[in-house]
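Structural description and commentary
These are the residues of each chain, in order.
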Amino acid sequence: MHALEGELARTIKSLTRIKSEHVHFVLPECELFRRERKDFSASIVLSVRDELSSGEVRAIQYLVAAAI
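Structural notes, computed from the coordinates.

Cut-offs applied
- Residues numbered from 1 in each chain as written.
- Predicted model: local features only at pLDDT ≥ 70, side-chain atom pairs only at ≥ 80, totals over all residues.
- Heavy atoms only, no water.
- Helix = DSSP H or I, 4+ residues; strand = E, 2+ residues; numbered from the N terminus.
- Rg over C-alpha atoms; globule rule 2.2 N^0.38 Å.
- Buried < 20%, exposed > 50% of the residue type's maximum accessible area, 1.4 Å probe, protein only.
- Contact = heavy atoms within 4.5 Å.
- Salt bridge = Lys/Arg side-chain N within 4 Å of Asp/Glu carboxyl O.
- Core = buried A, V, L, I, M, F, W, Y, C linked by side-chain atoms within 4.5 Å.
- Expected span 1.5 Å × (residues − 1).
- Arc of directions from axis to C-beta.

Moving on, we get to the overall build of the protein chain. For the protein chain, the count of helices and strands is two helices and two strands. Put simply, the protein chain runs from its N terminus to its C terminus through helices and strands in the order α-β-β-α. Rg of the C-alpha trace for the protein chain: 14 Å, well past the compact-globule value of 11 Å for 68 residues, more than 25% over. For the C-alpha atoms alone, the extent of the protein chain along its principal axes is close to 50 × 25 × 15 Å. By the burial criterion, 16% of the 68 residues in the protein chain qualify as buried. In the protein chain, once contacts between residues fewer than 6 apart in sequence are set aside, the share between residues at least 24 apart is 54%.

Encoded structure:
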């Protein structure tokens with residue numbers, strides 16, 4: 001999981017307006033006798049140089065959603 005977080009962070013960092021980033025995945029607890037399945041989630045913290053365009057925000061959202 002850490003490798004995927006790092007790869008995603010490097011991809012996001014490649015955008016020109018991103019100064020720094022932090023990516024963290026949250027894995028659901030595994031319970032043996034439960035039928036409901038909880039989904040993965042992710043937390044992304046960005047430090048940016050200028051305001052991101054709506055297209056850049058959507059691209060980051062899509063990238064993270066596809067990764068998890």
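In the structure shown here, the tally under the stated rule is two salt bridges. Between Arg 10 and Glu 7 there is a salt bridge; the shortest N-O distance is 3.1 Å. Of this pair, Arg 10 and Glu 7 both sit in helix H1 (residues 2-13), three residues apart, which is roughly one turn of the helix. On the basis of relative accessibility, which here comes to 52%, the residue Arg 10 falls in the exposed class. Using a relative accessible area of 43% as the deciding quantity, one classes Glu 7 as partly exposed.

Another point: the nonpolar core. With nine residues, the main nonpolar core is built from Leu 8, Ala 9, Ile 12, Ile 18, Val 23, Phe 25, Leu 52, Ile 60 and Val 64. Elements with a minimum of two residues in this core: H1, strand S1 (18-26) and helix H2 (54-67). When neighbours within four sequence positions are excluded, Val 23 is seen to be in contact with Glu 5, Leu 8, Ala 9, Ile 12, Ser 43 and Ile 44.

This part covers H1. Here H1 spans 16 Å end to end across twelve residues, near enough to the 16 Å set by a 1.5 Å rise per residue. Those residues of H1 that fall on the buried side of the exposure criterion are Glu 5, Leu 8, Ala 9 and Ile 12. All buried residues of H1 fall inside an arc of 100 degrees around its axis, so they share one side. Every exposed residue of H1 that faces more than 90 degrees away from the buried side is listed here: Ala 3 and Arg 10. Elements that come into contact with the buried residues of H1 comprise S1, strand S2 (41-48) and H2.

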